[in-house]
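Observations on the three-dimensional arrangement
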Amino acid sequence: MRKINKILVANRGEIALRVMRTAKEMGIKTVAVYSEADRNALHVRFADEAVCVGGPKSSESYLRGDVIIQVCKDLGVDAIHPGYGFLSENAGFAKAVEEAGIIFIGPSPAAIELMGSKLAAKAAVAKYNIPMVPGTEEAITDVEEAKQIAQQVGFPILIKASAGGGGKGMRVVEHVGLFEEQMQLAVSEATSAFGDGSVFIEKYIGSPRHIEIQVLGDTHGNIVHLFERECSIQRRHQKVIEEAPSAILTPALREEMGRNAVNVAKACDYVGAGTVEFLLDENMNFYFLEMNTRLQVEHPVTEQITGLDLVKEQILIAEGNALSFRQEDLEIYGHALELRVYAEDPANNFLPDIGKLETYRRPQGLGVRVDDGFEQGMEIPIYYDPMIAKLVTFGKDRQEAIDKMLRAIEEYQITGIETTLPFGAYVLQHEAFVSGDFDTKFIERHFSPEVLERKPDEGADEVAAALAAMLMNKQKPATADAVALASENSTSNWRRNRTR
Ligand code: MV4
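One structure accompanies this document, and this report is about it. For clarity, every value in this text was computed on a predicted model and none was experimentally measured. (Residues numbered from 1 in each chain as written. Predicted model: local features only at pLDDT ≥ 70, side-chain atom pairs only at ≥ 80, totals over all residues. Heavy atoms only, no water.)

Comments concerning the site of the ligand
What counts is decided by this rule: Proximity is defined per residue: any heavy atom of the residue falling within 4 Å of a molecule or strand makes that residue near it. Here a polar contact is recorded for every N or O atom pair within 3.5 Å, except that within protein the pair must consist of a potential hydrogen donor and a potential acceptor, and residues adjacent in sequence are included only if both atoms are side-chain atoms. Only the protein chains shown count as cover for residues, and all accessible areas are computed by the Shrake-Rupley method using a 1.4 Å probe. Strands are runs of DSSP state E lasting at least 2 residues, helices are runs of H or I lasting at least 4, and numbering of each runs from the N terminus. Side-chain classes follow a simple rule in which Ala, Val, Leu, Ile, Met, Phe, Trp, Tyr, Cys and Pro form the nonpolar group, Asp, Glu, Lys and Arg form the charged group, and the remainder, Gly included, forms the polar group. What marks off one domain from the next here is an automatic or database domain assignment.
Near the ligand you find 18 residues, and of these K160, E202, K203, I205 and E290 are the closest. Between a nitrogen atom of the ligand and a side-chain N or O atom of K160, the distance comes to 2.9 Å. Here a nitrogen atom of the ligand sits 3.0 Å away from a polar atom, N or O, in the side chain of E290. Surface burial for the ligand is 91%, taken as the share of its 520 Å² of free accessible area covered by protein chains. Those elements giving two or more residues to the shell around the ligand turn out to be β6 (157-165), β8 (199-203), β12 (272-280) and β13 (286-292). Its residues assigned to classes, the shell around the ligand shows seven nonpolar, six polar and five charged. Taken domain by domain, the makeup of the shell around the ligand includes at least three residues from each of domain 2 (134-203) and domain 3 (209-452).

Put into structure tokens, the structure is as follows:
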């Protein structure tokens, strides 16, 4: 047991505020770190103390683990909360924090490292008989051998990078004739992106649903699950709408997936809050994919349906407390939805629409929660993820949560930039979403800009795709130069807003 008196939050935006709010409630002092682009940010004002750690680019500030650890030493910080993104799944950083005598609010460096390798993760969980997609258990190196395995598994197959995750470094191969070329591309891509060219094969599940289970483990060997979140509404591996519970899990399947998730956590001696990702196929078979060793963006929907504060649980666990509840004490209450509100124009290929929040009024009322990091008059910085807010609604059942979300979207007033709010309204009213009959191909199948009844700008598509790819990569900051260059060549709202 070691009481935490002061926490440094190594993050920015809504999640930094989210963590500090709970710390304050627990009587814990808070330290913010910030970049030169975030001098006026809300997390800086909210904290008891704040330290500028470097330039606007993440690599110069929020990713400077060494500088952040020095701030902890200077200010007598007991523990670091990494939030999500940035340093949250960096085993080397977690280790350096520990070695400096500071508590890392998260799992052990060993667990982070193990789950960071998809192949090592699969090998580690194998002894618990966790269902996995048919494929190779080891990295494939020999093309001919790999081809044979692919044929046994049956096409289409997926080639995945072991060091990848979250959809990075995946390639679908439709038939054997394309295999060799795709494998070579996958290996060289993985080598340059992750410094590790290990790839493996899985049977390709065509239209899966994405179901993930929240787990909590303490330092006394207790592990529980907090049920599932469904995150099937995604666009290019970026989640857009999440909910808890899933519209399609039966109590029996929930129990079975929960039990398997707990076993995955056991396999790596997991401590803290973690998420076990599964794919669910059209026959309701589930397969373990990977484990995320951080607090996730969408954790609020789990908080709403369980009544637990996940950050509080993380802190209590980090102090060495045993969990104060058992699996059988946990129950699902009602239904929660989360819509990620991005500064992106859905009518214009989701082009990041950075600029100033001329009007910014949050929706309110029973069952509405807004986790954000902005106020009216603020600029959305170009250096980081363009998420403005997470709009969360909670109702007695799914329909009530949907009704509240539609009302909240209507009440939300944002001008000066385009947002994904109208896109959210479209999805939430779509028959496939309302009935629960959807999967990860929803947007591909049911969305085109025309459905929002606005004409997309002409010629901006290629730039938009490049910009979106660049900006959506949360770990790697976009440079101001690149954004400026891209905007030169397009008639985007980003540009038009500048002259408004
Ligand atoms: C798959 C798959 C189909 N078959 N694996 C994407 C994110 C990463 N965690 C794994 N992903 C997938 N793995 C097999 N064997 C399809 C996806 C996938 C996906 C998964 C969850 C949510 C959205 C997705 C969108 C496209 C592909």
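Digging into the nonpolar core
Applicable threshold: Throughout, nonpolar core names a set of buried Ala, Val, Leu, Ile, Met, Phe, Trp, Tyr and Cys residues whose side chains join them through atoms within 4.5 Å. A simple rule labels every residue: compare its accessible area, found with a 1.4 Å probe on the protein chains alone, to the largest value its type can have, and call it buried under 20%, exposed over 50%, or partly exposed in between.
Counting residues in each nonpolar core, the largest one holds 43 residues, and the members touching the most others are I233, I388, L391, Y412 and F433. Elements that contribute at least two residues to this core include exactly β11 (238-244), β14 (335-342), β18 (368-372), β19 (387-395), α12 (398-411), α13 (421-429), α14 (431-435) and α15 (442-446). Tallying contributions element by element places α13 first for this core, with six residues. By size, the runner-up hydrophobic cluster in this structure holds 33 residues, among which are A23, V224, L226 and I317.

Side note on the packing of helix α1 (residues 13-25) against helix α11 (residues 310-318)
To be explicit about the condition: The axes are straight lines fitted to the C-alpha atoms, using for helices just the contacting stretch, and the angles between their N-to-C directions are given from 0 to 180°. Whether a crossing is left-handed or right-handed is set by the direction in which the near helix is turned from the far one by less than a right angle, anticlockwise for left-handed and clockwise for right-handed. Contact definition: two residues touch when any of their heavy atoms are within 4.5 Å.
Running from N to C, α1 and α11 cross one another at 65°; their axes reach a closest spacing of 9 Å. Crossing geometry of α1 relative to α11 is assigned as right-handed. Seen from α1, the contacting residues are R18, V19 and T22; seen from α11, they are L310, V311, K312 and I315. Its residues assigned to classes, the contact of α1 with α11 comprises four nonpolar, one polar and two charged.

Without other data, these values stay purely geometric and don't point to any function.
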